[in-house]
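Overview (structure and organization)
Next come the chains, spelled out residue by residue.
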Amino acid sequence: MTKRLFSIAAACAAFALSVSSGADLPQGAKAPQFATQGALAGKAFAFNLRAALRKGPVVLYFYPKSFTQGCTLEAHAFAEAMDQFRAAGATVIGLSADDLATQRKFSTEACRSAFPVGIATTRIIAAYDVALKRADLPAGLSTRTSYVIGRDGRIKLAYSNADPGDHVRLTLDAVRALRGVGTR
């Protein structure tokens, strides 16, 4: 088990060195609706995109695997920016194919109980066209892709990049632009 986790982590680290260009769902496209299970602060909960959009824009970010270096760094960055996302009226949720037990742990440790993470089923991964297609990695992983979805259910920003560095800044800027709030 440890050897398999090490090989997944090594493969994800190698993947992080390659940069992918834009996400496959274009700006202006209708975001696929979904519901899934997830965790917030270690507690299980149900997430429904349609219900979340009634409250405001949604930042939906896909990440390959909980507790890998890049995914943990990205979760920390989103956690640190949560007050700014809330001030801009946005809901943030991270999605990966990890099981609920892993999401519960990741939601407290990496996400610092600041925002939820959910289970990206194969259907959700396919609908958002974020499947990580690499022969050297296990099936079911997603690319590192962030979407900002407006209250109208349309994609306002789609950004894919294996480097977690710009995901928070770009999604926060897009959310602020929706509300007419100045960017950083």
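Keep in mind that what you see is a predicted model, and the values were worked out from it rather than measured.

Quick word on the packing of aromatic side chains
Summed over the entire model, instances satisfying the criterion amount to twelve aromatic pairs. A ring pair is formed by Tyr-63 and Phe-106, whose centres lie 5.3 Å apart and whose planes are at 25 degrees; its orientation type is stacked. A residue pair is termed long-range when its members are at least 10 positions apart, and Tyr-63 in the loop between strand S3 (58-62) and helix H3 (69-80) and Phe-106 in helix H5 (residues 100-109) qualify at 43 residues. Overall, Phe-106 belongs to the buried group, its relative accessible area being 0%. Counting every residue linked through ring pairs, the aromatic cluster contains Tyr-61, Tyr-63, Phe-67, Phe-78, Phe-85, Phe-106 and Phe-115.

As for unusual backbone geometry
A positive phi angle, close to 55 degrees, is found at Arg-112, a residue other than glycine. Assignment of secondary structure puts Arg-112 in the loop between H5 and strand S5 (117-119). Assessed through its relative accessible area of 42%, Arg-112 is described here as partly exposed. For Ser-113, which is not glycine, the phi dihedral falls at a positive 60 degrees. Locating Ser-113 in the fold gives a position in the loop between H5 and S5. With a relative accessible area of 36%, Ser-113 lands in the partly exposed category.

Reading the values: rules and limits
Residues numbered from 1 in each chain as written. Predicted model: local features only at pLDDT ≥ 70, side-chain atom pairs only at ≥ 80, totals over all residues. Heavy atoms only, no water. Phe/Tyr/Trp six-rings, centres within 6.5 Å; stacked < 30°, edge-to-face > 60°. Helix = DSSP H or I, 4+ residues; strand = E, 2+ residues; numbered from the N terminus. Buried < 20%, exposed > 50% of the residue type's maximum accessible area, 1.4 Å probe, protein only.

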